[in-house]
Amino acid sequence: MSDSRPGAEQRRNLFALSRADFDRALATFIDRPYRLNQIYLALHRRGVEDIHEMTELSLALRAELSRHFYVATPRITERQRSADGTCKYLLRLHDGATIEAVDIPSDGRRTLCISSQAGCALACTFCVTGYWGAGRDLSMGEILAQVRLINREAGTTPSSPAPNIVFMGMGEPLLNLQAVGEALEVLTPSTSWKRITVSTVGIIPAIETMATWRRRPNLAISLHAPDDQRRSQIMPINQTYPLAELLACLRRYPLERGRKITIEYLLIRHFNDSLEDADQTALLLRGLRAKVNLIPVNPDSVLDETMIPPDAATVERFKNRLNQRGLFTTVRQRRGDEVHGACGQLRAFGTKAHGVRARQEPGAKPVSEPR
Ligand code: SAH
C-alpha cells in the first residue's frame, strides 16, 4: 500500500510563503504570471482557505496543487469586547503561536490595530509585549489575515468604509519589513496608503528602505524621551540607533504634501513629563514636519511600578507647551482598557499572569485552545 503523494509533512503551507517563495514554489505548475497573481490574491485578498475553492483554476490543476501544498490560516480563538465597543481578538497561528489584534470603533470609522510579530525582542521597559520576550516574525499572510478575519467578524461589506490600519500591535514592524511591505501592497488600493500607519521604535536602515518605496504609509515614531540617556533607559534599542542619527534620518525622509511624521511620546510620571522635557522635545523636533501624539502610560502589573501616568493637568500642560512651541499635539484616548487592549498591553490572553515576573516566550506554547 504505497501512496505516491507527498505526505502532509512534505506539503508546503501556501499561505505562509512570501511573494518570492510563492512564485518560486508554483513556477513548476503554473507558468503564466497573471495566473500566479490570481492565486496569490485569492489567498490573501479573497481569503480562500482551501485550494479546492480556487475556482479560477481547473479541477486538474487544483488536484495537482493539493498534492504539493495546503493552506493553513490563522483562526480567531478568543474575543473580548469592552464597553466602549473596542474588541480585542486572540488569533492562533498554524504553529500554535498566538497574536492579538484590536478593533477600535470611532466616529463611524474603525481602526484596526494589528501585529507584525508574535512577541517582541526589543524589551522596552514600558511595554507588556516586550516583557513576554521575543517570538517570531509574522508572514505576510498572517499580517493580512488579521485584517480580513476581523472585518468578517465586524460584518464589513464592500460598501463599508475601509478601516484605518495601524501597525501598533505586537512586535516591531520594521524588523519584519519585507512581510509588512508585501502586506501593504495587497491591502492597497482597497485601503488608501493614507489610512495606514506603521509605528516603529526607529530602526534606521528600515526607515531608509521605506524612503525608497514608491508609495508609503504614514510613519509613526515611538520617541518617548527627549534625550539619549533617558531614552536608552526605557528603550534599549536607542543604544543602537541614538536620537541624533534617528532625527537626521527622519529629516531626510520623503513626505508627500500635507503629510507629517507622527511622534509618539509616552508620558511617565516624574520621568519625562516636565515643561523642560516638553521644551527639549520641541527643540529636538525643530524643522521636522511632525505632529505629536502624547500617550499617558498604561500601567500593568508585569511592568515596573514607576510606569504611572501623570495626572490630567500635567498631561494638559505638556500638550499646551508643545502646541505653543508650534507642534500640533494630541493626547491619545485610552480605549479598550478593561480588555487589556490599550497600548502596550497586548499579550496572549491566557497569560495574563498578573504578578508573575518570569519571562516567557510567546508562541512557545499555545495559551488557549481554539473553540
Ligand atoms: N514596536 C513598534 C510598534 C508597537 S506600537 C513601536 O514601538 O512603535 C505600540 C505603541 O504602544 C507604541 O507607541 C508604544 O510605545 C506604545 N506603548 C507601549 N507600551 C505602552 C504602555 N504601557 N502604555 C501606553 N503605550 C504603550
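Residues numbered from 1 in each chain as written. Predicted model: local features only at pLDDT ≥ 70, side-chain atom pairs only at ≥ 80, totals over all residues. Heavy atoms only, no water.

Q: Give a detailed account of the site of the ligand, specifying residues and quantitative values.
A: The ligand sits among 20 residues. The nearest are F126, S199, S222, H224 and N298. S199 is positioned such that a nitrogen or oxygen atom in its side chain is 2.6 Å from an oxygen atom of the ligand. Against a free-state accessible area of 530 Å², the protein chains account for coverage of 95% of the ligand. Only strand 10 (196–200) and strand 12 (261–267) provide two or more residues apiece to the shell around the ligand. When its residues are assigned to classes, the shell around the ligand shows 10 nonpolar, 8 polar and 2 charged. (Near = heavy atom within 4 Å. Polar contact = N/O pair within 3.5 Å; in protein donor to acceptor, adjacent residues only side chain to side chain. Areas by Shrake-Rupley, 256 points an atom, 1.4 Å probe, with all protein chains shown as cover. Helix = DSSP H or I, 4+ residues; strand = E, 2+ residues; numbered from the N terminus. Nonpolar A, V, L, I, M, F, W, Y, C, P; charged D, E, K, R; others polar.)

Q: Tell me what's going on with helix 6 (residues 177–187), and back it up with residues and numbers.
A: Because the α-helix completes a turn every 3.6 residues, residues three or four places apart line up on one side. Among the 11 residues in helix 6, 9 count as buried, and that is most of the element. Taken residue by residue, helix 6 has L177, A179, V180, G181, E182, A183, L184, V186 and L187 as its buried positions. (Buried < 20%, exposed > 50% of the residue type's maximum accessible area, 1.4 Å probe, protein only.)

Q: Which residues make up the state of the cysteines, and what values go with them?
A: Working definition: the covalent bond between the sulfur atoms of two cysteines is a disulfide. In total, this model carries 0 disulfides according to the counting rule given. Sulfur of C124: no disulfide; nearest cysteine sulfur belongs to C127 and is 6.3 Å away. Overall, C127 belongs to the buried group, its relative accessible area being 18%. (Disulfide = S-S within 2.5 Å.)

Q: Give me the layout of surface pockets: which residues, what numbers.
A: When its volume is computed, the second largest pocket comes out at roughly 450 Å³. Taken together, 18 residues line the second largest pocket, and the ones lying closest to its centre are R45, V147, N151, T156 and S190. For the lining of the second largest pocket, the secondary structure elements donating two or more residues are helix 2 (33–46), helix 5 (140–153) and helix 6. With 5 residues, the top contributor of residues to the lining of the second largest pocket is helix 5. (1 Å grid on protein atoms, 1.4 Å probe; cavity = no way out; pocket = protein on both sides within 12 Å on 5 of 7 lines; lining within 4 Å. Points joined across faces, edges and corners; volume = space filled by probe spheres on them.)

Q: Please give an account of the sheet that holds strand 14 (residues 329–331) that cites residues and values.
A: An order of 3-4-5-6-9-10-11-12-13-14 is seen for the 10 strands of this open sheet, with the pairing classed as mixed. Sheet topology places strand 3 (75–81) and strand 14 at the edges, where each strand pairs with a single neighbour. Geometrically, the sheet is characterised by an average inter-axis angle of 20° between neighbouring strands, direction not taken into account. (Pairing = 2+ DSSP bridges. Axes fitted to C-alpha atoms, helices over the stretch in contact; angles between N-to-C directions.)

Q: Give a detailed account of the packing of helix 5 against helix 6, specifying residues and quantitative values.
A: Look at helix 5 against helix 6: their axes get within 8 Å of each other, and the N-to-C directions meet at 45°. Comparing the axis directions of helix 5 and helix 6 gives the class oblique. Remark: the crossing between helix 5 and helix 6 carries right-handed chirality. Two secondary-structure elements touch here, helix 5 through M140, I143, L144 and V147 and helix 6 through A179, V180, E182, A183, V186 and L187. Split into classes, the residues belonging to the contact of helix 5 with helix 6 amount to 9 nonpolar, no polar and 1 charged. (Parallel < 35°, antiparallel > 145°, perpendicular 65-115°, else oblique. Left-handed = near helix turned anticlockwise from the far one by under 90°. Contact = heavy atoms within 4.5 Å.)

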